[in-house]
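# Inside the fold
Below are the chains, spelled out letter by letter.
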Amino acid sequence: MPKLIGIKKYNIAVFISGNGSNLRNLINHSLKKRSKFRVSLIISNKAKAKGLEHAKRFKIKKKIINYLNIKNSERKILNELINNKIDLVCLAGFMRILSREFIKKFKGKIINIHPSLLPKYKGLQTHRKAINNSEKFSGCTVHYVSSKLDSGKIIMQKKVRVYKNDNINKLAKRILKQEHLLYPKALKKVIINL
Ligand code: GRF
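Below you will find a few notes about this structure. (Residues numbered from 1 in each chain as written. Predicted model: local features only at pLDDT ≥ 70, side-chain atom pairs only at ≥ 80, totals over all residues. Heavy atoms only, no water.)

For the protein, the helix and strand inventory stands at 6 helices and 7 strands. For the protein, the succession of helices and strands along the chain, N to C, is β-α-β-α-β-α-β-α-β-α-β-β-α. In terms of overall dimensions, the protein is globule-like: its C-alpha atoms have a radius of gyration of 17 Å, near the 16 Å expected for 194 residues. C-alpha atoms of the protein, sized along the principal axes, occupy 50 × 50 × 30 Å. Counting only residues that meet the buried cut, the protein has 45% of its 194 residues in that class. For the protein, the proportion of contacts with a sequence separation of at least 24, taken over those separated by at least 6, is 64%. Surface accessibility of the protein: about 11600 Å² in total, with carbon and sulfur atoms responsible for 53%. (Helix = DSSP H or I, 4+ residues; strand = E, 2+ residues; numbered from the N terminus. Rg over C-alpha atoms; globule rule 2.2 N^0.38 Å. Buried < 20%, exposed > 50% of the residue type's maximum accessible area, 1.4 Å probe, protein only. Contact = heavy atoms within 4.5 Å. Areas by Shrake-Rupley, 256 points an atom, 1.4 Å probe, with all protein chains shown as cover.)

Here is the structure:
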């Protein structure tokens, strides 16, 4: 058996607001023998986010940030990132926009997954927009977070076919499946360059 001693594991924090299927998927990948990262912290702006159940199940530290005041909230988040020696932040369905100041402090170390082929369809309702515009393809994108919404440098993308009889749910499901393949791959690529 090759020794694994000496392989550095990067500490990642995953930010969520809802279901947390991408979070769960990243946790699964982190538990693989040769994984280069561990999920050390989960941040949620919603106390009732379903994804928080993974924190309990996998005994991962979680922090709920109420976002009543952006500055205070971001200060708390930043402290958590520093205290937990976080190397990289992965946004996964986090429904808050991070301030320019916050992004600067963690420059080049925040990535996000978005359910469209950016630069097309930034923001919300991406599947609805793709269907309404009769797109043949939609997909998902992992990108660096910059101060402009869904506009940072693209790391990886995956195309997904949009069918004539698609509805939002069907398309969302098909794309989410691909998100689960894409995010760990993109994360690997980012970690190599950290
Ligand atoms: C995903 O579609 C992701 O691309 C978007 O929000 C959704 C989060 O899903 N940013 P989940 O909470 O990871 O299941």
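Following leucine 118, the chain continues to proline 119 via a peptide bond in cis, the omega torsion being 10°. Relative to the elements of secondary structure, proline 119 occurs in the loop between β5 (110-114) and α5 (126-132). Non-glycine residue tyrosine 67 carries a positive phi angle of around 60°. A positive phi is found at aspartate 150, a non-glycine position, where the angle reads about 50°. Here aspartate 150 shows up in the loop between β6 (137-144) and β7 (154-161).

The strand order across the open sheet built from 7 strands is β3-β2-β1-β4-β5-β6-β7, with neighbouring strands paired in mixed fashion. Since the sheet does not close on itself, it has two edges, and those belong to β3 (61-64) and β7, each with one partner. Looking at each pair of strands side by side, their axes are set apart by 20° on average, direction ignored. Where strand β2 (residues 37-44) lies against β3, 4 bridges are found, and the strand directions are parallel. (Pairing = 2+ DSSP bridges. Axes fitted to C-alpha atoms, helices over the stretch in contact; angles between N-to-C directions.)

Now for the site of the ligand. Surrounding the ligand, one finds Asn19, Gly20, Ser21, Asn22, Gly93, Ile113, His114, Pro115 and Glu179. Within the backbone of isoleucine 113, one N or O atom sits 3.0 Å away from a nitrogen atom of the ligand. One nitrogen or oxygen atom from the side chain of glutamate 179 is found 2.8 Å from an oxygen atom belonging to the ligand. Here the ligand has 370 Å² of accessible area as a free molecule, and 80% of this is covered by the chains. Counting residues per element, the ones that place at least two in the shell around the ligand are α1 (21-30) and β5. Considering only residue class, the shell around the ligand consists of 2 nonpolar, 6 polar and 1 charged. (Near = heavy atom within 4 Å. Polar contact = N/O pair within 3.5 Å; in protein donor to acceptor, adjacent residues only side chain to side chain. Nonpolar A, V, L, I, M, F, W, Y, C, P; charged D, E, K, R; others polar.)

Another aspect to go through is the state of the cysteines. For the structure shown, the criterion picks out 0 disulfides. In this model cysteine 140 remains outside any disulfide bridge; the closest cysteine sulfur is found in cysteine 90, 15 Å from its own. (Disulfide = S-S within 2.5 Å.)

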